[in-house]
Amino acid sequence: MGFPRLGRHLDALLDDHAIDLVVMTNCAEAALRIADHHYLATLWDMDHRDRLEFPEKYVDRVLEQGDRRYRASLTRALAVIANSASGARRISSIYQIDSHRIVVLPFLPSLPVRRHRAGKGGVDAAWVKQHYRLPERFLFYPAFFSSAKNHLYILEGLLALQHRHGIRLDAVFCGGGDPPDEAIVRRQIRALGLEDLVHLLGLVPDEHIPGPMTIGHALPTIAQAFIYISIVQVEL
C-alpha cells in the first residue's frame, strides 16, 4: 500500500493499476499517504470517544493521536461512510465534515445469519444446541476477547442478577482474540465462582452463530443488547 518499506509512493502504485478512486474501509494511516487520488473514508463508530474507561483509549495519548488521524483523513476524503444517522451527525459535529459528504451505510447481518433467517442455513438451532450442549436460557455474546469488549461487565452482571435478584442466568461466549485477554476472563470466571454458568465455545463456524441467537430469543432485550453493543450504534 505504498508504505516506506516498499520504496514506492502509494499514488504511484495506484497509477500503475489505473485506479482513480480508493475506498478505505477504515481511517487507517494509508489515507494520509494519498496525495493525488480521490478516496472514500470509513468511520464505523466513535468507540474511541465513547469508551474512555478502557486503558487503550487514553494511555500514551492514543485518543489525541487517533483524533488527529481521523480529522486529517476525513477532511480530505471525497465522501465519508458512517454506519448510522446518529453516527453521521457525530462525525459532522466533531470533525466538522459537511453533512452532505457523509453517506450512511448501515451494518447488515452476516450472510450466515441472513441465510438462516431465509431457511437456507446449513444447520438448525436444535442441532447447534445439542452440539454445544447449550442451556435452556442464556445470554449470548459472540465477540473476540479484548480489554475493549464487555466480557468482564457481563460477568459482573451475572453475579449481580444472582445476588440481588436470585436469578441464575447462563452466558455463552464464543470467539477468539488475544490470549492474555482471554486468560483474564477465565481467571475472573473462576474468581467469581461462575464456572457452571459461563460456557466458552471458542471459535465456531460462521454458520453456527445464528443458532444461539435463535435459541436465546426468550430473553430478546438482554440478548440483543449484548450481542450488538459492539457492532451497531444505537439510533438516539
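Shown above is the structure to which this text applies.
The structure presented is a predicted model; accordingly, all values stated were derived computationally and were not measured.

Novice: It is not clear to me how the sheet that holds strand S6 (residues 170-174) should be interpreted in this structure. Could you clarify?
Specialist: Sheet strands associate in pairs through backbone hydrogen bonding, adopting either a parallel or an antiparallel arrangement. Reading across the sheet, the three strands line up as S5-S6-S7 and stay open at both edges, with parallel pairing between neighbours. Pairing within the sheet leaves two strands with one partner each, and these edge strands are strand S5 (138-142) and strand S7 (198-200). Each adjacent strand pair in this sheet contributes to an overall mean axis angle of 15°, direction not counted. Direction of pairing for S6 relative to S7: parallel, over a ladder of three bridges.

Novice: Please explain the sheet that holds strand S3 (residues 79-82) as it appears in this structure.
Specialist: Taken in spatial order, the four strands make up an open sheet running S1-S2-S3-S4, and their pairing is parallel. The open sheet has two edge strands with one neighbour each: strand S1 (21-23) and strand S4 (102-104). With direction set aside, neighbouring strand axes in the sheet form an average angle of 20°. Strands S3 and S4 of the sheet are contacted by helix H4 (residues 85-95), whose axis makes an angle of about 165° with S4.

Novice: Can you help me understand the side chain of Asp 170 in this one?
Specialist: One can find Asp 170 in strand S6. For the buried residue Asp 170, which engages in no salt bridge, the nearest side chain bearing the opposite charge is Arg 168, 6.5 Å off. In this structure the side chain of Asp 170 is engaged in a polar contact, spanning 2.7 Å, whose partner is the side chain of His 199. Excluding its chain neighbours within four sequence positions, the residues that come into contact with Asp 170 are Pro 135, Arg 137, Phe 138, Leu 139, Asp 196, Leu 197 and His 199.

Novice: What is the right way to read helix H7 (residues 151-165) from this model?
Specialist: Residues separated by three or four positions in an α-helix point in the same direction, a consequence of the helix having 3.6 residues per turn. When the terminal C-alpha atoms of H7 are compared, their 21 Å separation across 15 residues agrees well with the 21 Å that a helix rising 1.5 Å per residue should span. All buried positions along H7 are accounted for by His 151, Ile 154, Leu 155, Leu 158 and Leu 159. Burial along H7 is one-sided: seen end-on, the buried residues are contained in an arc of 140°. Seen from the buried face of H7, the exposed residues on the opposite side, beyond 90 degrees, are His 163, Arg 164 and His 165. Phi turns positive one or two residues past the end of H7, at Gly 166, with a value near 70°.

Novice: Help me understand helix H3 (residues 62-76), please; the structure alone is not making it clear to me.
Specialist: For H3, built from 15 residues, the straight-helix expectation of 21 Å at 1.5 Å per residue is met to within 8% by its first-to-last C-alpha distance of 22 Å. All buried positions along H3 are accounted for by Gly 66, Asp 67, Tyr 70, Ser 73 and Leu 74. Projected down its long axis, H3 shows its buried positions confined to an angular sector of 140°, all on one face. Packed against the buried residues of H3 are strand S2 (38-42), helix H2 (47-50), S3 and H4.

Novice: Is there a simple way to think about the packing of aromatic side chains in this case?
Specialist: Two descriptors summarise a pair of aromatic rings, namely the distance from one centre to the other and the angle between the planes of the rings. One pass over the structure, following the stated rule, counts two aromatic pairs. Their ring planes at 80° and their centres at 6.4 Å tell us that Tyr 70 and Tyr 95 sit as a pair that is edge-to-face. Of the two residues, Tyr 70 is situated in helix H3 and Tyr 95 in helix H4; the sequence distance between them amounts to 25 residues. Comparing Tyr 70 with Tyr 95, the two get one shared label, buried.

What counts, and where the lines are drawn
- Residue numbers restart at each chain and count upward from 1, following the sequence in its written direction.
- Under the rules for a predicted model, residues below a pLDDT of 70 receive no local features and side-chain atom pairs below 80 are neither given nor counted, while totals for whole chains, interfaces and linings still include all residues.
- Side-chain measures here rest on the full set of heavy atoms in the structure, leaving out hydrogens and waters.
- Pairing between strands requires that DSSP locate at least two bridges from one strand to the other.
- Counting from the N terminus, the helices are DSSP H or I runs at least four residues long and the strands are E runs at least two residues long.
- Axes here mean lines fitted to C-alpha atoms, for a helix over just the part in contact, with angles spanning 0 to 180 degrees between N-to-C directions.
- Residues count as neighbours in contact if any of their non-hydrogen atoms are within 4.5 Å of one another.
- Exposure categories follow from relative accessible area, calculated using a 1.4 Å probe and restricted to protein chains: below 20% of the type maximum is buried, above 50% is exposed, and the middle band is partly exposed.
- The sign given to each residue is positive for Lys and Arg and negative for Asp and Glu; His and the chain ends receive no count.
- Between Lys or Arg on one side and Asp or Glu on the other, a salt bridge is scored when a side-chain nitrogen of the former is within 4 Å of a carboxyl oxygen of the latter.
- N or O atoms within 3.5 Å of each other form a polar contact, as long as, within protein, one can give a hydrogen and the other can take it, and as long as residues adjacent in sequence are counted only when both atoms are side-chain atoms.
- A helix is expected to span 1.5 Å multiplied by its residue count minus one.
- As used here, the arc belongs to the directions running from the helix axis to the C-beta atoms.
- Working definition: a ring pair exists when centres of Phe, Tyr or Trp rings (six-membered ring for Trp) sit within 6.5 Å. Plane angles under 30 degrees give stacked, over 60 give edge-to-face, the rest tilted.

Just geometry here; none of it tells us what the structure is for.
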